[in-house]
Amino acid sequence: MTTSSAQTGRLSPAVITELPQFIAGHRRLFVVTGAGCSTDSGIPDYRDSDGQWKRTPPVTYQAFMGEEATRKRYWARSLLGWPRFGQALPNGTHHALAALEADGRIELLLTQNVDCLHQAAGSQTVIDLHGRLDQVRCMGCEARSARELLQQRLLDANPGWDTLEAGIAPDGDADLEADFSAFSVPACDACGGVLKPDVVFFGENVPRERVAAVHEHLQRSDAVLVLGSSLMVYSGFRFVDAAAKAGLPIAAVNLGRTRADHLLSLKVEMPCAQALAFLLDGTKTQ
């Protein structure tokens, strides 16, 4: 495996030649993206350079569904975190991948992010592996609704909460510790069921039909490019592992260790937008 790290004041050889050659040499790229693609858009990531948690792990599916107190804490923090998350804009990484897709180079863009910034940048062949935070799902009747609509219901039911100060946290969360017992969580308008963000929580399975669709794309791909992901979560790693077993070459751009380091033929340790800038500077892959 060729490994390259960013050097102060200059681009590394892997970025100048090897990464562009890897991308140019494959016409059906299976791209896997993670939180490192969205940090330049102001959305924090979860893990450090060694792949360890920077903060308390996210809420689990079991706790959210089983404990009213957990749901109150989640939605109270989401009330504060959503406005900044929902207003985030695509950065250079998202635009570079949209340009690469427009050039006919991407078989699938599989994102582990829930921010929809790839779609906002113009990418169309996208599967949101872990769902979308801009949608809300009723766990009773399966109705979907816009997160923005729930935001207004949360504000109406909890006057004054939006004036609290909290730091921004990953995936629409906010750093807030308070007494959440009085916080009111709206129920589904249609059936009175529990409302949950339409994302895959830790401890929850990715829908089978989504996994099957990803594997179909993987079978048509000729290489894998991982961007901004440590792949520590198995739901994403399994596709890279399957690609390696199928003999596909795998490259990664990530600051720090990944779970797939032993499977990589090329690794570039630098910010994703910087590594992919050549895709936006007028240089065409051949």
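Structure first, text after, so check above.
Reading the values: rules and limits
Residues numbered from 1 in each chain as written. Predicted model: local features only at pLDDT ≥ 70, side-chain atom pairs only at ≥ 80, totals over all residues. Heavy atoms only, no water. Helix = DSSP H or I, 4+ residues; strand = E, 2+ residues; numbered from the N terminus. Buried < 20%, exposed > 50% of the residue type's maximum accessible area, 1.4 Å probe, protein only. Contact = heavy atoms within 4.5 Å. Areas by Shrake-Rupley, 256 points an atom, 1.4 Å probe, with all protein chains shown as cover. Pairing = 2+ DSSP bridges. Axes fitted to C-alpha atoms, helices over the stretch in contact; angles between N-to-C directions. Core = buried A, V, L, I, M, F, W, Y, C linked by side-chain atoms within 4.5 Å. Expected span 1.5 Å × (residues − 1). Arc of directions from axis to C-beta.

Asks: It is not clear to me how the overall build of the protein should be interpreted in this structure. Could you clarify?
Replies: Of regular secondary structure, the protein possesses 9 helices and 12 strands. Taking all 286 residues of the protein together, the buried fraction comes to 50%. The long-range fraction of contacts in the protein, counting pairs at least 24 apart against all pairs at least 6 apart in sequence, stands at 72%. Here the protein displays about 12,900 Å² of accessible surface, and carbon together with sulfur accounts for 49% of that area.

Asks: Is there a simple way to think about the sheet that holds strand β9 (residues 195-199) in this case?
Replies: Within a beta sheet, neighbouring strands are joined by backbone hydrogen bonds and run either parallel or antiparallel to one another. On the basis of which strands lie adjacent, the open sheet formed by 3 strands has the order β6-β5-β9 and antiparallel pairing. Two strands lie at the open edges of the sheet, namely β6 (144-146) and β9, each paired on one side alone. Neighbour-to-neighbour, the strand axes of the sheet open up by a mean angle of 45 degrees, direction not taken into account. Sheet topology places strand β5 (residues 131-138) next to β6; 3 bridges connect them, and they run antiparallel. For Gln135, the partnering residue across the bridge sits in β6 and is Ala146.

Asks: Would you mind going over the nonpolar core with me for this structure?
Replies: Across soluble globular proteins, you tend to see nonpolar side chains buried next to one another. Counting 27 residues, the largest nonpolar core has Trp75, Leu133, Trp161 and Phe183 as the members making the most contacts within it. Counting residues per element, this core draws most heavily on helix α3 (residues 68-86), which supplies 7 residues. For Trp75, the residues in contact, after removing those within four places along its chain, are Phe64, Arg147, Leu150, Leu154, Phe183, Val185, Leu195, Lys196 and Pro197. Val253, Met270, Leu276 and Leu279 belong to the second largest nonpolar core, which has 25 residues in total.

Asks: Which parts of the structure should I look at to understand helix α7 (residues 208-219)?
Replies: Working note: α-helix, 3.6 residues per turn, so residues spaced by three or four point in the same direction. End to end, α7 covers 17 Å across 12 residues, agreeing with the expected 16 Å (1.5 Å per residue, within 8%). Three or more residues of α7 are buried, namely Val211, Val214, His217 and Leu218. The buried residues of α7 occupy an angular sector of 120 degrees when projected down its axis, which confines them to one face. The exposed residues of α7 that point more than 90 degrees off its buried face are Arg208, Glu209 and Gln219.

Asks: Please explain the environment of Thr70 as it appears in this structure.
Replies: On the secondary structure map, Thr70 appears in helix α3. Under the relative-accessibility criterion, Thr70 is labelled buried at 15%. Put simply, Thr70 and Ser181 are 111 residues apart on the chain and 9.9 Å apart in space, counted from C-alpha to C-alpha. When near neighbours in sequence (up to four residues on either side) are disregarded, Thr70 contacts Val59, Ala63 and Phe64.

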